Amino acid sequence: MKNIDSKGHVTGKSLYLDDIPIQQGTLHALAVDSPVAHGRVRSLDISEAAKSEGVVRVFTHEDIPGENQIGGIVPDEPLLAEDEVHFCGQPVALIVGESEHACRRAREKVKFEIDEKPPITDPREAKEKGELIIPPRTFQNGDTESVWDSCAYVFEGQADSNGQEHLYIETQGAYSWPAENGNIKIATSTQGPTAVQRTAAQVLGLGMHNVEVDVIRLGGGFGGKEDQATPWAVMVALAVYHLNKPVKMAMHRMDDMRMTGKRHPYSSDYKIGLDKNLNIIAYEATMHQNAGAAADLSPAVMERSLFHANNSYFIPNTKVTAYSCRTNLPPNTAFRGFGGPQGMFVIESAIAHAAREIGVPKHRIQEKNLLKDGDEFHYGQAVEQSQARSSWSDAVETFDLPKIQKEIEDFNEAHHWKKKGLALQPVCFGISFTKTQMNNARALVHIYHDGSVGVSTGAVEMGQGVNTKLLQVAAYTFGIAPERVRIDTTNTSRVANTSPTAASAGADLNGKALEMACLKLRERLAEVAADQLDASPDSITIKDETFYVDGSPSELSWEKMVHQAFMDRVSLSEKAHYATPVIHFDKEKEKGHPFAYHVYGTAILVVTLDCLRGTYQFDTVKIVHDCGKSISPMVDNGQIEGGLVQGIGWMTLEELDYDEQGRLRSNALSTYKIPDIYSVPETIEVKHLETEGHDLAIRKSKAVGEPPLMYGLGAYFAIQDAVLAFNPHATLKFDAPFTHEKVLMALYEGKEAGVKDAAELS
Ligand code: MTE
Ligand code: LUZ
Ligand code: MOS
């Protein structure tokens, strides 16, 4: 089945926030943000701005009727700054006017007097100064201390990965209007409607029942709207509260890039020990997470870095510690993989380091240490149905790794100024919110008496195809045509107290709840049919819109039966609640069974390097991925390809650049380079690993949203491989992204011969 949104998307008919018809009298809002990264606000003069043409009002923290607090995990973030500012781009006031243009003109008239303080932008410096968001945490198994001496090889080093701008095509925004009796409605582009509702209520001093949040779909979220869609929605709601008029905000790209947080940069130290057979015996890492100026989701992101510190490898002695460091950057936040990729980059770097020193290909060490059933993750969960080895060997066989290697070897022998490089990248990603309590969802299903079906869940469609999957679940469970089913908007009045659509668990959690609600309705209809057909309810099934008795079709159609049930005054609506069974985690011991299951896969990446220019092009990426029993192969392939490319971008081109004053220099698409059609791999091949799937996955179709991003890690190491083919003297640094500039430096580092060759060439 095709993604149900494909037609709407390509014809431009799909509705986004900015497509909602504007009500008469709608005002526009614009945030005023701090020009400095750290300081004491001596004065904030909004008088000129307030008098500016077309401006209705300028709000500050003094206008907040409830709590000036939006922190979800740690209450450490005001909606609008009070006496202090902690990052460039921090909202301090809100201008509301007749047009966005009028607000922009007024924004230039806001005067700040700020006593600047020295900003911290480096997480290690923050840690030195005791600026931590939460106390550090350590996950361990075995006993690293006692085994270092018995290792044949021990290596230590540093691995840094930079942040990443989400660059959802639709920027942050919200449209809010007054309802009766002081109630407020908010339409917004968020992954977490309940977070918006709760925070708006808290800031406005209202009950959650006074605030209704509705989400049609997102033009991309990628984690950037899990927590950080909230402030903008709450700001417009604040304006509605005071002005009793509709108010809209749709952020300018540069405002969005400057004011919102991104993927967390990490700076880590590692130590890895191997025996002479290349078994990894011990691994230690200390990670410094650059959290930015407030907690946001950083503690949860940090936790996932610890969970994924060993990626797909079994390591009997592990000790990994992470620090969440408070700096003067915009609060960093969820981004596809949620700390997992950052943790995995460190172990992959450590393995690359070891391979180089020992003189073996990196993939020899990787392969040797892949997880197998019966192993235990360092956080105590048993490894079950591990596809680490099967996806690896399937990729090696299906894509003929020896042939790929031979081609690379031949190419590198024949070419001096071009070199190819190879990397294999296994991925193991845990599915479930690491906070057990968040793993729940609800669904509401109406069968209308003409036989059509309306479905509401807590899932938010952001391009990942969750609505397609939900529609399939309803259609399959009822045994009816997909055309009969409509997935409604995500709305807090229809489905309450939801977790954000995140952690790749949107389809699983909401799909399971939906399946339960549909099953209840199916049972009820079977009873009515049994009555009609003089049969027992157990003998009734529905297939192809027909009721079957003991496997034989009756003359009762879906439509007829639904109408009959309606005439019999039988309820045709049902809701259900799903909470993932089995999972638990003990934060005291840092042990438990946090994930419903794991997703595995292996990618083979080949890159060609231009050794004169330092530029590169990925020839192919070939992937064997574990989708379980996919219900939407096309949707899943879209996720795999998109995730891969987003991961390659993070590892190669995308260079987030804050200056020492904490100002974002890469603040537009002209200075922040994301993968385009010219830089994506020339071919991407995806094969689904044939597996049974998992009972905790919806219809055994495993979650797919985030895991493929981590195949992109292989891009870094494929480039390294090519660099070494040209310049065996290059020192290996682990400092992502591996931009063309860095590649060029590495190519000629200590390479007398190379420089001489270049002279000869000219
Ligand atoms: N795919 C598209 N097209 N757009 C997105 O914003 N977000 C990703 C992933 N795939 C995203 C996407 C992230 S960060 C997550 S957590 C999952 O989708 C969320 O959706 P799911 O739980 O339904 O997989
Ligand atoms: N969000 C969250 C997430 O709150 N908890 C998680 O474990 C998670 N994992 C991935 C993405 N978002
Ligand atoms: Mo995704 S980072 O869980 O929104």
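Residues numbered from 1 in each chain as written. Chains lettered and ligands numbered in written order. Predicted model: local features only at pLDDT ≥ 70, side-chain atom pairs only at ≥ 80, totals over all residues. Heavy atoms only, no water.

1. Things to note about the overall build of the chain
- Secondary structure summary: the chain contains 20 helices and 30 strands in total.
- Radius of gyration (C-alpha) of the chain: 27 Å, near the 27 Å computed for a compact globule of 762 residues.
- Dimensions of the chain, computed from C-alpha atoms along their principal axes, come out at roughly 85 × 75 × 55 Å.
- The buried share of the chain, reckoned over its 762 residues, is 60%.
- Long-range pairs, those at least 24 residues apart, make up 80% of the contacts in the chain between residues at least 6 apart in sequence. (Helix = DSSP H or I, 4+ residues; strand = E, 2+ residues; numbered from the N terminus. Rg over C-alpha atoms; globule rule 2.2 N^0.38 Å. Buried < 20%, exposed > 50% of the residue type's maximum accessible area, 1.4 Å probe, protein only. Contact = heavy atoms within 4.5 Å.)

2. A few points about the state of the cysteines
- In total, this model carries zero disulfides according to the counting rule given.
- A disulfide-free cysteine, cysteine 88 has its sulfur positioned 20 Å from the sulfur of cysteine 325, the nearest such atom.
- Classification of cysteine 88 by relative accessible area gives buried; the value is 6%. (Disulfide = S-S within 2.5 Å.)

3. Focus: the side chain of glutamine 425
- When you line up the elements, glutamine 425 lands in strand S16 (residues 418–431).
- Residue glutamine 425 is classed as buried on the basis of its relative accessible area, which comes to 0%.
- In this structure the side chain of glutamine 425 is engaged in a polar contact, spanning 3.2 Å, whose partner is the side chain of glutamate 348.
- The residues contacting glutamine 425, other than those within four sequence positions of it, are Asn311, Glu348, Lys362, Gly601, Thr602, Ala603, Leu605, Met710, Tyr711, Leu713, Gly714 and Phe717. (Polar contact = N/O pair within 3.5 Å; in protein donor to acceptor, adjacent residues only side chain to side chain.)

4. Remarks on unusual backbone geometry
- Proline 737 follows alanine 736 through a cis peptide bond whose omega is 5°.
- Structurally, proline 737 can be placed in the loop between strand S30 (735–736) and helix H19 (740–748).
- For leucine 167, which is not a glycine, the phi torsion comes out positive at approximately 50°.
- Relative to the assigned elements, leucine 167 resides in the loop between strand S8 (153–161) and strand S9 (173–178).

5. Looking at the side chain of serine 386
- Within the secondary structure, serine 386 sits in the loop between helix H11 (362–368) and helix H12 (388–398).
- Only 3.1 Å separates the side chain of serine 386 from the backbone oxygen of leucine 371, close enough to count as a polar contact.
- Within polar-contact distance, the side chain of serine 386 engages the backbone nitrogen of alanine 388 at 3.2 Å.
- Serine 386 has contacts with Leu371, Lys372, Asp373 and Tyr600, leaving out every residue within four places of it along the chain.

6. Overview of the site of ligand 2
- Taken together, the neighbourhood of ligand 2 is formed by Glu226, Arg304, Phe338, Phe433, Thr434, Met438, Ala502, Ala503 and Glu706.
- Between ligand 2 and the protein, one listed contact pairs a nitrogen atom with a side-chain N or O atom of arginine 304 at 2.9 Å.
- Between ligand 2 and threonine 434, the relevant distance is 2.9 Å, taken from an oxygen atom to a main-chain nitrogen or oxygen of the residue.
- For the shell around ligand 2, the class distribution of residues is five nonpolar, one polar and three charged. (Near = heavy atom within 4 Å. Nonpolar A, V, L, I, M, F, W, Y, C, P; charged D, E, K, R; others polar.)

7. Re the site of ligand 1
- Surrounding ligand 1, one finds 18 residues, the nearest of these being Gly221, Phe222, Met462, Gly506 and Gln639.
- Interatomic distance of 2.9 Å between a backbone N/O atom of phenylalanine 222 and an oxygen atom of ligand 1.
- Residue glutamine 464 places a side-chain N or O atom 3.0 Å away from an oxygen atom belonging to ligand 1.
- Compared with its free state, where it exposes 520 Å², ligand 1 has 92% of that area covered by protein.
- Class assignment for the residues of the shell around ligand 1 results in seven nonpolar, nine polar and two charged. (Areas by Shrake-Rupley, 256 points an atom, 1.4 Å probe, with all protein chains shown as cover.)

8. Topic: helix H3 (residues 100–107)
- Buried residues of H3: Ala102, Cys103, Ala106 and Arg107, and no others. Projection of H3 onto a plane perpendicular to its axis shows the buried side chains occupying an angular sector of 140°, all on one side.
- Structurally, H3 contributes buried residues whose contacts are with strand S1 (27–33), helix H2 (47–51), strand S3 (55–59), strand S5 (91–97) and helix H8 (253–259). (Arc of directions from axis to C-beta.)

9. Here's the deal with the packing of aromatic side chains
- The final tally for this structure, using the stated rule, is 19 aromatic pairs.
- Ring centres of phenylalanine 345 and phenylalanine 717 lie 5.9 Å apart, and the angle between their planes is 40°; on these two criteria the pair is classed as tilted. Taken together, the residues phenylalanine 345 in helix H10 (residues 340–358) and phenylalanine 717 in helix H18 (residues 713–726) connect sequence positions 372 residues apart. The two residues phenylalanine 345 and phenylalanine 717 agree in class, both being buried.
- Ring-pair connections join several aromatic residues into one group, and the members of that group are Phe139, Phe307, Phe377, Tyr379, Phe585 and Phe595.
- The residue whose ring lies beneath lysine 225 is tyrosine 168, and the NZ or CZ to ring-centre distance is 4.5 Å.
- For lysine 420, the ring lying beneath its charged end belongs to phenylalanine 411, and the centroid distance is 4.3 Å. (Phe/Tyr/Trp six-rings, centres within 6.5 Å; stacked < 30°, edge-to-face > 60°. Lys NZ or Arg CZ within 6 Å of the ring centre and 35° of its normal.)

10. Points about the sheet that holds strand S24 (residues 573–579)
- Spatially, four strands are ordered S19-S18-S17-S24 in an open sheet, and the strand pairing comes out mixed. The outermost strands of the open sheet, each flanked by one partner alone, are strand S19 (485–487) and S24. For this sheet, the mean angle separating the axes of adjacent strands, direction not counted, is 20°.
- Contacting strand S17 (440–447), strand S18 (453–457) and S24, helix H15 (residues 506–533) crosses the sheet at an angle of about 140° to S24. (Pairing = 2+ DSSP bridges. Axes fitted to C-alpha atoms, helices over the stretch in contact; angles between N-to-C directions.)

11. A word on the pairing of strand S7 (residues 137–141)
- The alternating pattern of S7 places Arg137, Phe139 and Asn141 on a buried face, while none of Thr138 and Gln140, on the opposite face, is buried.
- Sheet analysis places S7 next to strand S15 (residues 317–326), joined by five bridges and oriented antiparallel. Counterpart to asparagine 141 in the pairing with S15 is threonine 318.

12. Regarding the environment of leucine 509
- With respect to the helices, strands and loops of the structure, leucine 509 is situated in helix H15.
- Note on leucine 509: relative accessible area 6%, which makes it buried.
- Taking the C-alpha atoms as reference points, leucine 509 and leucine 696, separated by 187 residues in sequence, lie 9.1 Å from one another.
- With residues up to four places along the chain from it excluded, the contact list for leucine 509 reads Phe433, Met438, Asn439, Asn440, Ala441, Tyr578 and Thr580.

13. What to know about the domain arrangement of the chain
- What the domain assignment reports for the chain is domain 1 (16–118 + 170–259), domain 2 (381–436 + 591–762) and domain 3 (440–579).
- On the domain 3 side, the residues contacting the 21 residues of domain 2 number 21 residues.
- Carbon and sulfur atoms make up 56% of the area that domain 2 and domain 3 hide from each other, which totals about 1,600 Å².
- Among the residues domain 2 hides against domain 3, the three largest losses belong to Phe433, Ile698 and Arg699. Together they make up 41% of the total.
- The interface formed by domain 2 and domain 3 includes one salt bridge. (Domains from an automatic or database assignment. Buried area = accessible area lost by both parts, 1.4 Å probe. Salt bridge = Lys/Arg side-chain N within 4 Å of Asp/Glu carboxyl O.)

14. Quick word on the pattern of salt bridges
- Using the criterion set out here, one finds 47 salt bridges in the structure.
- Notably, a salt bridge pairs glutamate 212 with lysine 185, separated by 3.7 Å at the nearest N-O pair. Of this pair, glutamate 212 sits in strand S11 (residues 211–215) while lysine 185 sits in strand S10 (residues 184–188), and the two are 27 residues apart along the sequence.
- Salt-bridge contacts for lysine 589 lead to aspartate 586; the nearest nitrogen and oxygen are separated by 3.5 Å.
- The exposure class assigned to lysine 589 is exposed, which follows from its relative accessible area of 61%.
- Because the salt bridges share partners, they merge into one network encompassing Asp33, Glu100, Arg104, Arg107, Asp255 and Arg258.

15. Side note on the packing of helix H14 (residues 466–478) against H15
- Following both chains from N to C, one finds H14 and H15 inclined at 25°, their axes separated by 9 Å at the closest point. Taken together, the axes of H14 and H15 are roughly parallel relative to one another. Here H14 runs over H15; the crossing is right-handed. In this structure, H14 contributes Val466, Lys469, Leu470, Val473, Ala474, Thr477 and Phe478 to the contact, and H15 contributes Gly506, Ala507, Asn510, Gly511, Leu514, Glu515, Cys518, Leu519, Leu521 and Arg522. (Parallel < 35°, antiparallel > 145°, perpendicular 65-115°, else oblique. Left-handed = near helix turned anticlockwise from the far one by under 90°.)

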